[in-house]
Amino acid sequence: MWNRLLQNHYFIMKILAKYTHFRWLPSCRCLQFQLNLPPSDYLYGQSKGKITLEAWQNLEKLRSALGMAIGVALFSLILVISFVSPIYSLSSNYYDKTCPDAELIIANAVKNAAVKDKTVPAALLRMHFHDCFIRGCDASVLLNSKGSDKAEKDGPPNVSLHAFYVIDNAKKDLEAFCPGVVSCADILALAARDSVALSGGPTWDVPKGRKDGRTSKASETAQLPAPVFNISQLEQSFSQRGLSMEDLVALSGGHTLGFSHCSSFEGRIRNFNAVHDVDPSMHPSLAASLRGVCPSKNRAKNAGTAMDPSSTTFDNTYYKLILQGKGLFSSDQALLAATNTKGLVEKFAGSHEEFADAFVKSMIKMSSITGGEEVRKDCRVVN
Ligand code: HEM
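Residues numbered from 1 in each chain as written. Predicted model: local features only at pLDDT ≥ 70, side-chain atom pairs only at ≥ 80, totals over all residues.

Going by what an unreviewed UniProt entry lists, the protein chain is known as Peroxidase and is assigned to Rhodamnia argentea. The Catalytic activity (unreviewed entry) field of the UniProt record for the protein chain holds the comment "2 a phenolic donor + H2O2 = 2 a phenolic radical donor + 2 H2O". Turning to the protein chain, the UniProt annotation filed under Function (unreviewed entry) states: "Removal of H(2)O(2), oxidation of toxic reductants, biosynthesis and degradation of lignin, suberization, auxin catabolism, response to environmental stresses such as wounding, pathogen attack and oxidative stress. These functions might be dependent on each isozyme/isoform in each plant tissue." (UniProt positions renumbered as here; feature names shortened; annotations may be inferred.)

Looking at the UniProt feature "binding site: Ca(2+) 2" (unreviewed entry) in the protein chain
The sites that UniProt annotates as "binding site: Ca(2+) 2" (unreviewed entry) are T256, D308 and D315. The greatest C-alpha distance among the annotated residues, which extend across 60 residues, is 9.9 Å, indicating that they converge on a single site. Tracing the backbone through its elements, the reader meets D308 in the loop between β4 (304-306) and α11 (317-323). Once residues lying within four places of it in the same chain are set aside, the contact partners of D308 are T256, T317, Y318 and L321. Mapped onto the elements, D315 comes out in the loop between β4 and α11. Given 19 C-beta atoms within a 10 Å radius, D315 is considered partly exposed. Those residues in contact with D315, other than ones at most four positions away along the chain, are T256, S310 and H352. (Helix = DSSP H or I, 4+ residues; strand = E, 2+ residues; numbered from the N terminus. Contact = placed C-beta atoms within 7 Å. Buried ≥ 20, exposed ≤ 12 C-beta atoms within 10 Å, placed from the backbone.)

Things to note about helix α14 (residues 352-366)
Between the first and last C-alpha of α14 there are 20 Å, a value that for 15 residues agrees with the 21 Å anticipated at 1.5 Å per step. Among all positions in α14, only F355, A356, A358, F359, S362, M363 and M366 are buried. Elements that come into contact with the buried residues of α14 comprise α4 (120-133), α8 (245-252), α11 and α13 (339-350). (Expected span 1.5 Å × (residues − 1).)

Quick look at the structure:
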């Protein structure tokens, strides 16, 4: 994105150089002011005849006027583009003047819900991740379907998302204090941060100023990474969003919290492939216990298992389990398949602090993938 912006900038500078008294210097990629030399055979070496001084001065005036006009036009164009394009920057003090209590109001809504329901923090963390991976962190995941226009919320990977009411409660309180100011996308980013902190994990400063999107399509949820992904599919999915392999390993640590339904891992515990009934990369004891909670027949709709034994505590157990062959999804166990990701799993398994630091860095990166264009009044519907 920045690269493209920079390229556009260079392009505009070059045009300015062409029509004004500035010269484009490729060596420093900058403009240098250049005094015009008087007309001479040297300057007009290619031209046949000579021109009078008066004609030259008129030409120069014309050139300056043209340069000025183009400069003004391009400047206005840049201004217009910066207003209509979704490229904007986030900042830590975004609501300091317009809604100073925004973070407190959101933290209270998350805390009140989490006290009553222990599954809330994991749900909000996953919701934020699913929001950011489709159209950027623009709260598109919060929009309701409209008739046959199915929204992201109703896409297959998102049917198990829950706790949307927490964001609604926070929004309602915010609207009472500072109407139309705090975006739903920012509420979700802050709620995810608070969820991690409430679970005993790190806390951090969330850059704010996201805008809410006006589009949400269930079909686009097919772009979310799947639990059956191998390491190169995971790498591709993350790199398409500007996220590195380190971000992949650190953010996957979100699986220290929450619950998984049988459907997310059942391909590993039965009929795995022509040779193996069970995924050979899964520890036999884990496979046996998962087969117990997920019988092939007569299974309850909500059957499944905790993501790790300490699934309401944000810790580094997730990485320790992977090293024992006890990662729940193929995508978790796949982190051992490449040397660099395996090294990171080992590092995070060995140090909660290193994991926490990396997680914070990667969360800030993921939650800065922006999109959107408005501040919704109701997080479930566009303005
Ligand atoms: C790397 C690719 C990822 C894949 C393939 C993946 C896949 C999944 C799947 C299949 C579930 C279980 C859903 C269910 O059965 O109900 C799940 C749960 C969860 N995921 Fe991920 N995930 C990934 C990355 C992340 C990231 C980056 C985060 C957050 C930073 C995250 C946070 C969570 C949480 C907290 C849960 C538990 C949700 C709950 O209990 O409600 N996941 N994930």
